[in-house]
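Architecture at a glance
Listed below are the residues making up each chain.
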Amino acid sequence: MTDSQDKKTTSAPTTAANQAWGGRFDEPVDDFVARFTASVQFDQRLYREDIQGSIAHAQMLCEVDVLSAEERDQIVAGLEHIGEDIGAGNFTWSIAREDVHMNIEAALTERIGSVGKKLHTGRSRNDQVATDIRLWLRHQIDDLTTLVGLLQRGIIDLAGRHNDTIMPGFTHLQTAQPVTFGHHLLAWNEMLERDYSRLIDCRERLNQCPLGAAALAGTTYPIDRQSSAEKLGFAKPSENSLDSVSDRDFAIEFCAAASILMTHLSRISEELILWTSAQFNFIYLPDRFCTGSSIMPQKKNPDVPELVRGKTGRVNGNLIALLTLMKSQPLAYNKDNQEDKEPLFDSVDTLADCLRAFADMVPAIVANKDAMYSAAKAGFSTATDLADYLVGRGIAFRDAHEIVGKSVAYGIDKAIDLSDMSLAELRQFAPEIDADVFDVLTLEGSVAARSHHGGTAPSAVAAATLRALARLENR
Ligand code: ARG
């Protein structure tokens, strides 16, 4: 909870049966049960959307002559004042009033009198909450996609500065072939590009208005669902009233997209953690993103990426919580659904924090070009290039593989790289080798030769950087 108004929640037990539904009850709800079943402690976070939805509903009711213009105006003004008071921290939330919806509605009636009781005509908290969460999540997705874009820009800028910085590329975390650092960074960008489009997809699917579904079966009032949907910026009213109040796919879908995004951030984190270690020493992270150790004075720990890696666990947990919440739920609304909010809120908050931290940190990464270059040179990373060269000389690839394997064994024995061997040394393994072999054995020659679309050559990376930037700017 980040809003200021969240601190004022009275847990004073109710002495009368709940006013919103107490008509058929003989005794007030048990104090513990009131606390146990309440959601206002966390769903007060939806107050803006709740008020927005109620205003649209009241306006629509007036359009279809269920409310007079005067009643509508009183209700709208009352709701707006409540919104201002909540925003200013001048609103006391009550556990006895269960949730954000009933707290606001009861406060409205307290303030404007019995006309406030007409607001709930033709709706239910079931379609109300389904609307509120959609509105809220839509807004959050807009903020999150902006953050993803910010991080992507930082990555692409860094890639643009390192299109010819050579480092080892890995498979199995063993040195495989030389790549450029810019190319590696653009791989991160592709992951995030897919994450961005997953969030956009999710936003599009959730953008339907449940208002009018009421409790589950719709309502007998002559409501105009198109009008409510338009007022709230939804693409259209939802199709089926039962589905409208029970569907939480959009929350699951968001949490799945969040989990994949966090998985990507955890992979990037892992690389940053490895690269800042003394053993790799590929990059330097400014001190402001690190912390020290209270006992080991030499330590500088990459806390930000470590924490992001760790937070992936809770975001995955939230996804599983929602999937399990919805599993086997019969139609239509069930109280179980109240449990949808905290995991969803937590995934949104965690993702926003992690993206913000990364968007700040990535542009500040300093590459240690010398360490990257020596590491690429140390691992026989141009062995495949030598095999390809031999194929060019008419040797079958499998035989070339065998020949290069022997040359590598020789290099390990003598502690020299393939490119540091003399022509005579190389020829022991294949007399077909000529002096031009050194063009392909160097790291520069190796990367430059992979100049196709999607390849690691400096020229290909420079072109890919421009494409990535254009794609970002055309969103
Ligand atoms: N606080 C409830 C929730 O979050 C609102 C809907 C309650 N509906 C009901 N019929 N009890 O799901």
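All values reported here derive from a predicted model rather than from experimental measurement.

Thresholds applied
- Residues numbered from 1 in each chain as written.
- Predicted model: local features only at pLDDT ≥ 70, side-chain atom pairs only at ≥ 80, totals over all residues.
- Heavy atoms only, no water.
- Pairing = 2+ DSSP bridges.
- Helix = DSSP H or I, 4+ residues; strand = E, 2+ residues; numbered from the N terminus.
- Axes fitted to C-alpha atoms, helices over the stretch in contact; angles between N-to-C directions.
- Parallel < 35°, antiparallel > 145°, perpendicular 65-115°, else oblique.
- Left-handed = near helix turned anticlockwise from the far one by under 90°.
- Contact = heavy atoms within 4.5 Å.
- Nonpolar A, V, L, I, M, F, W, Y, C, P; charged D, E, K, R; others polar.
- Core = buried A, V, L, I, M, F, W, Y, C linked by side-chain atoms within 4.5 Å.
- Buried < 20%, exposed > 50% of the residue type's maximum accessible area, 1.4 Å probe, protein only.
- Phe/Tyr/Trp six-rings, centres within 6.5 Å; stacked < 30°, edge-to-face > 60°.
- Lys NZ or Arg CZ within 6 Å of the ring centre and 35° of its normal.

Quick look at the pairing of strand S3 (residues 166–171)
Summarising the sheet, S3 and strand S4 (residues 174–180) pair through six bridges and their orientation is antiparallel. Residue pairing in the sheet places Gly169 in a bridge with Gln177 of S4. Here S3 folds back onto S4 in antiparallel fashion, the turn holding two residues, of which His172 has a positive phi close to 55°.

What to know about the packing of helix H6 (residues 125–161) against helix H12 (residues 341–361)
In a pair of packed helices, the angle between the axes and the distance between the axes together describe the arrangement. Packing of H6 against H12 leaves a shortest axis separation of 9 Å and a crossing angle of 15°. In terms of orientation, H6 and H12 fall into the roughly parallel class. Considering the relative orientation of H6 and H12, their crossing is left-handed. Packed against H6, whose contacting residues are Val129, Ile133, Trp136, Leu137, Gln140, Leu144, Leu147, Val148, Leu150 and Leu151, the element H12 presents Lys341, Leu344, Phe345, Val348, Leu351, Ala352, Leu355, Arg356, Phe358 and Ala359 at the interface. In terms of residue class, the contact of H6 with H12 is built from 17 nonpolar, one polar and two charged.

A short note on the nonpolar core
One finds Phe254 and Leu265 to be the most contacted residues of the largest nonpolar core, which totals 70 residues. Broken down by secondary-structure element, the contributors of at least two residues to this core are H6, helix H7 (181–206), helix H10 (249–276), helix H11 (303–326), H12 and helix H19 (458–473). The residues touching Phe254, leaving out its near neighbours within four places in the chain, are Leu137, Ile141, Leu144, Leu199, Cys202, Leu344, Ser347, Val348 and Leu351. Judged by nonpolar contacts, the second largest core, of 25 residues, contains Val40, Leu67, Ile82 and Ile104.

A short note on the environment of Glu306
Structurally, Glu306 can be placed in helix H11. Taking the relative accessible area as the measure of exposure, Glu306 reaches 32% and is therefore partly exposed. Distance from Glu306 to Ser266, taken between C-alpha atoms, is 8.2 Å for residues 40 residues apart in sequence. When near neighbours in sequence (up to four residues on either side) are disregarded, Glu306 contacts Ile273 and Asn301.

Re the packing of aromatic side chains
The way to describe two aromatic rings as a pair is by their centre distance and the angle between their planes. Following the criterion strictly, the structure yields nine aromatic pairs and no others. Ring geometry for Trp275 and Phe282: centres 6.3 Å apart, planes at 40°, overall tilted. Comparing Trp275 with Phe282, the two get one shared label, buried. Aromatic side chains Phe280 and Phe282 sit 5.2 Å apart centroid to centroid with 85° between the ring planes, which places their arrangement in the edge-to-face category. Members of the aromatic cluster, connected to one another through ring pairs, are Phe170, Phe181, Trp188, Trp275, Phe280 and Phe282. If you follow Arg45 out to its NZ or CZ, it ends over the ring of Phe345, 5.1 Å from the centre.

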